[in-house]
Amino acid sequence: MEKDQIREELSSAYLDFINSCKSLTKDEFEYAPEGKWSAGQQIEHLIKSTSPLNKGMGLPKFLIKFRFGKANRASKNFDELVRLYKEKIYKGGVASAAYIPQKVSFTQREKLTNQLQHNITSINLKLDKWTEAQLDEIILPHPLLGKITVREMMYFTIHHANHHRNLIKLYLKGV
């Protein structure tokens, strides 16, 4: 997937996620099965995961390379990256402490969805300053996947919104 398609898919995935959350009633928004996250917590989790990416995408590229290194392999495609993520989840991978949300009330919905939309808009604007080659050359750390290319991080970020939207749908089927 090239930059233009990444930008479109990122915008679309998060718009779908946000619109799904905005369509929920108060009870649906705050509902969570035992040991799972509510829709509000899913939003906060996505904010916590897109905020460092947003910040990182704006750093000078030489600094990112110095800090994390350069890729020693070709980027995986979208499907390969999603498969790898699902394998990690299946093997018990969970969000680390920095990405675990607090309790979220319905009154926070607008503020949180606006923050998430801001993060995605900002990431897309910063993506414009990256070349196709840099997306495959520069790596970033992912808490579950290890060091992955920026292109792979974009793929993960797209999938992540869809993953959490699907979890919300799954959890609400039981209501």
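Here the structure is a predicted model, which is why all the values come from computation and not from measurement.

Conventions adopted
- Residues numbered from 1 in each chain as written.
- Predicted model: local features only at pLDDT ≥ 70, side-chain atom pairs only at ≥ 80, totals over all residues.
- Heavy atoms only, no water.
- Core = buried A, V, L, I, M, F, W, Y, C linked by side-chain atoms within 4.5 Å.
- Buried < 20%, exposed > 50% of the residue type's maximum accessible area, 1.4 Å probe, protein only.
- Helix = DSSP H or I, 4+ residues; strand = E, 2+ residues; numbered from the N terminus.
- Contact = heavy atoms within 4.5 Å.
- Phe/Tyr/Trp six-rings, centres within 6.5 Å; stacked < 30°, edge-to-face > 60°.
- Lys NZ or Arg CZ within 6 Å of the ring centre and 35° of its normal.
- Lys, Arg positive; Asp, Glu negative; His and termini not counted.
- Salt bridge = Lys/Arg side-chain N within 4 Å of Asp/Glu carboxyl O.
- Polar contact = N/O pair within 3.5 Å; in protein donor to acceptor, adjacent residues only side chain to side chain.

Digging into the nonpolar core
- Y14, F17, I43 and L116 are the most contacted members of the largest nonpolar core, which totals 40 residues.
- Counting only elements with at least two residues in this core, the list comes to helix 1 (3-22), helix 3 (39-57), helix 5 (78-90), helix 6 (109-127) and helix 8 (150-173).
- No other element matches helix 8, which puts 9 residues into this core.
- Beyond its immediate chain neighbours, meaning those up to four positions away, I43 contacts F17, C21, F29, L112, T113 and L116.

Observations concerning the packing of aromatic side chains
- Applying the stated rule across the entire model yields 3 aromatic pairs.
- A centroid spacing of 5.7 Å and a plane angle of 80° characterise the contact between F29 and F106, whose relative ring orientation is edge-to-face. Here F106 lies in the loop between helix 5 and helix 6 and F29 lies in helix 2 (residues 26-30), a separation of 77 residues in the sequence.
- Overall, the relative accessible area of 0% leaves F29 in the buried class.
- Aromatic side chains Y85 and F156 sit 5.1 Å apart centroid to centroid with 70° between the ring planes, which places their arrangement in the edge-to-face category. Remark: F156 occurs in helix 8 and Y85 occurs in helix 5; sequence separation between them is 71 residues.
- A cation over an aromatic ring shows up here: K61 above the ring of W130, its NZ or CZ 4.8 Å from the ring centre.
- It is R109 that lies over the ring of F29; its NZ or CZ is 6.0 Å from the centre.

Some thoughts on the side chain of R109
- Relative to the assigned elements, R109 resides in helix 6.
- Buried and unpaired, R109 has E110 as its nearest opposite-charge partner, separated by 5.4 Å.
- At a separation of 3.3 Å, a polar atom in the side chain of R109 contacts the main-chain carbonyl oxygen of C21.
- Within the structure, the side chain of R109 is placed 3.0 Å from the backbone oxygen of K22, a separation counted as a polar contact.

Geometric values such as these leave the question of function open.
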